[in-house]
Structure formats: structure tokens, C-alpha cells
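Chain by chain, the residues run as shown.
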Amino acid sequence: MNNMDEPQLQAQIAAAKSYEEFFVPALFKQWPPLLAGAAKIESGHRVLDVACGTGILARELASRVGSAGSVTGLDVTPGMLEVARNLAPDINWRHGNADALPFPDQSYDRVVSQFGMMFFPDRVKSLREMLRVLTPGGRLAVAVWDSLESMPAYMEEVELLERIAGTPAANALLAPFVLGNKNDLLKMVQDAGVSSPEVKTHEGTADFPSLRSLVEADLRGWLPMMGVHLEEAMIQQILKEAEVALRKYVNAHGRAVFKISAHVLSGSKP
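Residues numbered from 1 in each chain as written. Predicted model: local features only at pLDDT ≥ 70, side-chain atom pairs only at ≥ 80, totals over all residues. Heavy atoms only, no water.

J.: Can you explain the overall build of the chain? Please cite residues and give values.
T.: Check the secondary structure of the chain and you find 10 helices and 7 strands. Here the chain has a C-alpha radius of gyration of 19 Å; the compact-globule value for 270 residues is 18 Å, and the two agree. If you line up the chain on its principal axes, its C-alpha atoms span 55 × 45 × 35 Å. Summed over its atoms, the accessible surface of the chain is roughly 12,100 Å², and 51% of this surface lies on carbon and sulfur atoms. (Helix = DSSP H or I, 4+ residues; strand = E, 2+ residues; numbered from the N terminus. Rg over C-alpha atoms; globule rule 2.2 N^0.38 Å. Areas by Shrake-Rupley, 256 points an atom, 1.4 Å probe, with all protein chains shown as cover.)

J.: How would you summarise helix α1 (residues 6-28) if you had to cite specific residues and measurements?
T.: Taking 1.5 Å of rise per residue, the 23 residues of α1 would be expected to cover 33 Å, yet its terminal C-alpha atoms sit only 28 Å apart, more than 12% below that figure. By the largest-angle criterion, F22 marks the main kink of α1, which is about 35°, and a proline, P25, follows within four residues. Those residues of α1 that fall on the buried side of the exposure criterion are I13, A16, S18, Y19, E20, F23, V24, A26, L27 and F28. The distance from a side-chain oxygen at the start of α1 to the backbone nitrogen of Q8 is 2.9 Å, and the residue carrying that oxygen is D5. (Expected span 1.5 Å × (residues − 1). Bend = angle between axes of the 7 residues up to and from the residue. Buried < 20%, exposed > 50% of the residue type's maximum accessible area, 1.4 Å probe, protein only. Polar contact = N/O pair within 3.5 Å; in protein donor to acceptor, adjacent residues only side chain to side chain.)

J.: Quick one: what's the story with the pattern of salt bridges, residue by residue and with numbers?
T.: Per the stated rule, a full pass over the model turns up 13 salt bridges. In this structure, E241 engages R163 in a salt bridge whose closest nitrogen and oxygen atoms are separated by 2.8 Å. With E241 in helix α10 (residues 232-245) and R163 in helix α6 (residues 152-165), this pair connects stretches of sequence that are 78 residues apart. The residue E232 makes a salt bridge to R220 at a minimum N-O spacing of 2.9 Å. (Salt bridge = Lys/Arg side-chain N within 4 Å of Asp/Glu carboxyl O.)

J.: Please give an account of the nonpolar core that cites residues and values.
T.: Soluble globular proteins: nonpolar side chains tend toward being buried together. L140 and W145 are the most contacted members of the largest nonpolar core, which has 97 residues in total. Examining the composition of this core, we find that 8 residues originate from one element, α1, more than from any other. (Core = buried A, V, L, I, M, F, W, Y, C linked by side-chain atoms within 4.5 Å.)

J.: Before we move on, can you summarise the side chain of D49 with the specific residues and values?
T.: Summarising the element assignment, D49 is placed in strand β1 (residues 46-50). Within the buried core, D49 has no salt-bridge partner, and the shortest N-O distance to an opposite charge, that of R59, equals 8.6 Å. From its side chain, D49 meets the backbone nitrogen of A58 in a polar contact 3.4 Å long. Discounting chain neighbours no more than four positions away, the residues touching D49 are L57, A58, T72, G73, L74, V112, S113 and Q114. (Lys, Arg positive; Asp, Glu negative; His and termini not counted. Contact = heavy atoms within 4.5 Å.)

J.: I'd like a rundown of helix α8 (residues 182-192), residues and numbers included.
T.: Within α8, burial applies to L185, M188, V189 and A192. Taken around the axis of α8, the buried residues stretch over an arc of 90°, which confines them to a single face. Buried positions along α8 lie against α5 (123-133), β5 (134-145), β6 (195-208) and β7 (256-268). Where α8 starts, the residue carrying a side-chain oxygen 3.0 Å from the main-chain nitrogen of N183 turns out to be N181. (Arc of directions from axis to C-beta.)

J.: Describe the packing of α6 against helix α7 (residues 167-174), naming the residues involved and giving the relevant values.
T.: Between α6 and α7, the shortest axis-to-axis distance is 7 Å and the interhelical angle comes to 160°. One way to sum up the angle between α6 and α7 is to call them roughly antiparallel. Of the two elements, α6 crosses α7, and the hand of that crossing is right-handed. Along its contact with α6, which presents E157, V158, L161, E162 and A165, the element α7 presents T167, A169, A170, L173 and L174. Among the residues making up the contact of α6 with α7, the classes are represented as 7 nonpolar, 1 polar and 2 charged. (Axes fitted to C-alpha atoms, helices over the stretch in contact; angles between N-to-C directions. Parallel < 35°, antiparallel > 145°, perpendicular 65-115°, else oblique. Left-handed = near helix turned anticlockwise from the far one by under 90°. Nonpolar A, V, L, I, M, F, W, Y, C, P; charged D, E, K, R; others polar.)

In C-alpha cells:
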């Protein structure tokens with residue numbers, strides 16, 4: 001964390017603020033209650049949120065465990081943690097990797113992760129790490145996005161990026177949907193040693209202020225976080241063509257609203 005220079009950190013913080021401002025209300029704030037239910041989180045529990053981002057899940061869980069419990073949020077990105085810390089200074093925020101959790105065995109009663117596992121380099125190892133830090137009988141719950149095919153709005157946006165900006169840009173937008181196959185997910189949690197695993201699919205709603213805000217958030221927020229930086233002229237071209245290609249997702253109030261879905265996998269430590 002200390003190896004990062006100030007300009008890099010400030011760039012990460014700016015991206016994290018954009019993530020919190022645009023993506024959290026439009027996509028992410030609806031899922032924490034589902035994760036809390038799947039993990040069976042109660043007052044007094046010690047909870048670890050892996051790949052916490054700017055902390056939308058951790059903040060929800062802190063309100064549930066109360067003063068008798070505790071929540072720790074862990075993320076690999078210092079900029080995300082800086083924004084999370086400013087939003088909720090009472091939560092314990094830690095820098096670290098999912099496949100080498102910096103905590104002793106049996107430190108937590110519950111471990112959760114919301115839309116981070118798609119980006120873990122070694123997902124089975126990360127699940128085993130979650131089990132390691134759980135107390136015996138403790139539960140874990142992890143949310144990942146459903147397949148791209150189940151969300152036509154994003155599939156059409158990926159196709160638009162592929163046509164105008166090329167494969168790297170399209171792949172950056174495709175990355176969150178790589179764990180959409182439920183059978184593969186179930187095999188993964190079984191390989192990791194999770195007891196009584198199950199995968200349930202839940203429907204949600206994406207709700208952006210406008211079509212432009214949806215696409216611009218991806219072009220200026222998500223793609224740079226994935227290492228893809230587009231020229232301004234190309235961004236403007238994509239925004240212009242998106243107004244036609246994706247107009248079916250604009251409602252009567254001018255908002256971009258469409259169905260999305262996610263898998264929640266859960267289980268316990270033997």
C-alpha cells in the first residue's frame with residue numbers, strides 16, 4: 001500500500017468516488033440485504049467483507065451486527081479503502097488480497113463478498129481462505145453477476161464497444177459476467193470444501209439517471225479501473241451511438257432502467 005505514489009492514489013480515489021456516486025445507487029445498494037440473509041447475519045456477529053470496495057455491503061452489515069458485533073472490510077485497492085474509510089470511519093478497513101487473507105484462523109463468524117470474486121486470480125484458493133478464517137459452522141455468502149446473456153442491455157453495450165473501440169474495451173465490460181454459469185459456480189464451491197453449498201439466482205433492477213450516465217459511467221469509470229483508457233473522440237462517438245442502440249432501455253422519465261440478475265452462493269464451514 002505504501003509503494004503507491006500520490007498521483008496513482010489520487011487517481012484511484014477519484015475512480016472510487018465515481019464508483020460510489022454512480023454504480024452504488026444504480027446497481028449495488030439493492031443486494032446487501034440478500035447477502036445478509038444468505039449468510040444469516042445476526043447481532044453480535046464478527047463479519048468479514050472481502051473485496052469491500054467503497055463499503056456499501058459493510059455499512060449495511062454494521063447496522064445489523066450492532067455494537068456487540070464487528071465488521072471488517074478488506075480490499076486490494078487503496079483508493080477504494082480511502083473512500084470507504086471516509087464514509088464509515090467506525091468500520092475496520094484493511095488492505096489485502098482475497099487469496100491470502102491477513103487474519104488468523106477462525107477469526108470471523110461470517111464472511112461475505114459482493115461482486116468481487118469475478119476478479120480474484122485464484123477463486124478456489126480465495127474460498128478456502130474464507131473458510132480458514134471462519135469459525136466452525138460459520139457461514140459464507142458470495143454474490144456474483146449472472147451471465148451476460150441474461151442481461152441484454154449490457155450485452156448490447158458490449159457489442160457496441162466491440163464494434164467501435166475494439167476487443168480490449170469490450171472485454172473490460174464483459175469481465176464482471178464471467179461467473180454466470182451456476183453449475184460451474186457450484187463445482188467451484190464444492191472444490192473449495194464449502195459444506196452444504198447452494199446457488200440461488202435473484203433478479204434486480206439497474207436504474208441510472210439517464211442512458212448517457214449509464215454508458216459514461218462505464219467509459220469513464222469502469223474501463224479505466226480495468227486499465228482501458230479511450231480517447232475523448234471515441235468516447236463521444238460511443239455515447240452518440242448508444243443513444244440509438246440502447247434507447248429501448250429508457251423509460252418515460254428519461255431514466256435507463258432494465259432487469260439484471262445475480263447468483264448468491266452460500267454455505268458453511270464444516
